[in-house]
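# Overview (structure and organization)
Chain by chain, the residues run as shown.
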Amino acid sequence: MPPPESSPNAIARGLGVLGDEWCLQLLRAAHSGATRFGRFQEELPISAASLAARLALLADEGLFIRRVYQQNPIRAEYLLTPQGRGTWPILLAIWDWEDRWADHPAGELPDRRHAECGQSFHPELVCATCGVAAGRRDVTAAWGPTGGWDRSIPDTATRRRTRASRTAGEFPETMAVFGNRWSAVVIGAVFQGIRRYSEFESLLGIPSNILSERLRILVEYGLLRVDVTEQGRREYHLTEKGRAFFPIVATTLSWAERWFALPEGPAISWQHGDHPLVPRLDCDQCHRPLQAAQIEVLETSDQKV
Ligand SMILES: [Zn+2]
Ligand SMILES: [Zn+2]
């Protein structure tokens, strides 16, 4: 066991699971009812070894519970725990960002309907403390007692995946920019106001070749733009598309702080004006807080533009 002051914090634990493309895909499949090995394999182009490793990780981290449903031969299924079900706002924020910003063929992403008001809707990130919509520009971040970059970087040593196994999936851009631990950390740093290459390098301790590649991908997908200052320094700034990623960051961190809380306190806190931001997703049609049970996925429509 590492000493408490250097153990991974909630951000590292959260990104260790969610900053992984396959884990995100498995959670999405689980939310639509998949529980068994064969069903996950039918839905995702994943190898048996990768699938077994991800199911074990999701169970170890408390998102799935493994239940044996047949003794001879032993067969188990994987059910979402409350912690696993609690990822629905993150998946909803991902769907929304993809729908608004990613380059999808028309009608590829299914619409969502809010059962409470009967409307097709988009989620809106709202601060639950004051009830006002919260955009990236309305909030400031500060490290909490368990914060700091050294504790916020997920352990990548044991579970590297190869580029060859990249999938298209339903959320290709999110997977490309977020379904990778290093990318997720770089995005987190950008949202904390880190701008310069040298700062990313010194603060995050990411190997230079990986850092360059991750920044290049974030620029390529249009979340960041590069400015060169008069002194010739490269600075990375969020684009509008990048700022629109904030609900994914906010819901991810809020979920992580809830389920991987440490006794010393949170890793990061977000201020909204003079009070803490408590992220919540509301329906943009009726402005009521969304609940998982009231979100219906509609059949993919081909009239959608
Ligand atoms: Zn507020
Ligand atoms: Zn509504």
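Here the structure is shown first, and the text comes after it.
Residues numbered from 1 in each chain as written. Chains lettered and ligands numbered in written order. Predicted model: local features only at pLDDT ≥ 70, side-chain atom pairs only at ≥ 80, totals over all residues. Heavy atoms only, no water.

## Concerning the coordination of the zinc ion (ligand 1)
Note on the zinc ion (ligand 1): its protein donors are Cys127 (SG), Cys130 (SG), His272 (ND1) and His275 (NE2). The metal-donor distances range over 2.0 to 2.3 Å. Each of the four donor atoms bound to the zinc ion (ligand 1) contributes to angles spanning 104 to 117 degrees, and the resulting shape is tetrahedral. (Donors = N, O, S within 2.8 Å, 3.2 Å for Na, K, Ca; no water. Tetrahedral: all angles 85-135°; square planar, octahedral: opposite > 155°, others 65-115°.)

## Overview of the nonpolar core
Membership of the largest hydrophobic core comes to 81 residues, with the highest contact counts inside it found for Phe40, Phe200 and Phe245. Top element by residues in this core is helix H9 (residues 181–191). It accounts for eight residues. Every residue in contact with Phe200, bar those within four places of it in the chain, is listed here: Val186, Ala189, Val190, Ile194, Arg195, Gly205, Leu211, Leu215 and Tyr236. (Core = buried A, V, L, I, M, F, W, Y, C linked by side-chain atoms within 4.5 Å. Buried < 20%, exposed > 50% of the residue type's maximum accessible area, 1.4 Å probe, protein only. Helix = DSSP H or I, 4+ residues; strand = E, 2+ residues; numbered from the N terminus. Contact = heavy atoms within 4.5 Å.)

## A look at the sheet that holds strand E3 (residues 112–114)
Sheets are built from strands that pair by backbone hydrogen bonding, the pairs being arranged parallel or antiparallel. Sheet architecture is open: three strands sit in the order E4-E3-E12, paired in antiparallel fashion. In the strand order of this sheet, the two ends are held by strand E4 (119–120) and strand E12 (295–297), each with one partner. Note that E3 and E12 share three bridges and pair antiparallel. Its bridge partner being in E12, Arg112 is matched across the sheet by Val297. (Pairing = 2+ DSSP bridges.)

## Thoughts on the coordination of the zinc ion (ligand 2)
Coordination sphere of the zinc ion (ligand 2), protein contribution only: His114 (ND1), Cys117 (SG), Cys283 (SG) and Cys286 (SG), at 2.0 to 2.3 Å. The sequence pattern describing where the donors of the zinc ion (ligand 2) fall on their chain is H-x2-C-x165-C-x2-C. With His114 in strand E3 and Cys283 in strand E11 (residues 279–283), this pair connects stretches of sequence that are 169 residues apart.

## Considerations on empty space enclosed by the protein
Following the criterion strictly, the structure yields two cavities of 30 Å³ or more and no others. Here the largest cavity is characterised by a volume of approximately 160 Å³. Lining of the largest cavity is provided by 16 residues; of these, Ile11, Leu15, Ala184, Gly188 and Leu253 occupy positions nearest its centre. Among the elements of the structure, helix H1 (10–18), helix H7 (149–152), H9, helix H13 (246–259) and strand E9 (268–272) are those that each provide at least two residues to the lining of the largest cavity. For the lining of the largest cavity, the element with the most residues is H9, which contributes four residues. In this model, the second largest cavity occupies a volume close to 40 Å³. Ile187, Val190, Phe191, Leu218, Leu223, Leu224, Leu238 and Gly242 together form the lining of the second largest cavity. (1 Å grid on protein atoms, 1.4 Å probe; cavity = no way out; pocket = protein on both sides within 12 Å on 5 of 7 lines; lining within 4 Å. Points joined across faces, edges and corners; volume = space filled by probe spheres on them.)

## A short note on the pairing of strand E8 (residues 234–238)
Burial runs high along E8: four of the five residues are buried. Examined bridge by bridge, strand E7 (residues 224–228) and E8 share five bridges and lie antiparallel to one another. By the bridge assignment, Arg225 is partnered in E8 with His237.

## Quick look at the packing of aromatic side chains
All told, the structure shown has ten aromatic pairs when counted by the stated rule. Taken together, a centroid distance of 5.1 Å and an interplanar angle of 90 degrees make the contact between Trp143 and Trp149 edge-to-face. By relative accessible area, which is 31% here, Trp143 ends up partly exposed. Taken together, a centroid distance of 6.1 Å and an interplanar angle of 80 degrees make the contact between Phe200 and Tyr236 edge-to-face. Of the two residues, Phe200 sits in helix H10 (residues 197–204) while Tyr236 sits in strand E8, which places them 36 residues apart along the sequence. (Phe/Tyr/Trp six-rings, centres within 6.5 Å; stacked < 30°, edge-to-face > 60°.)

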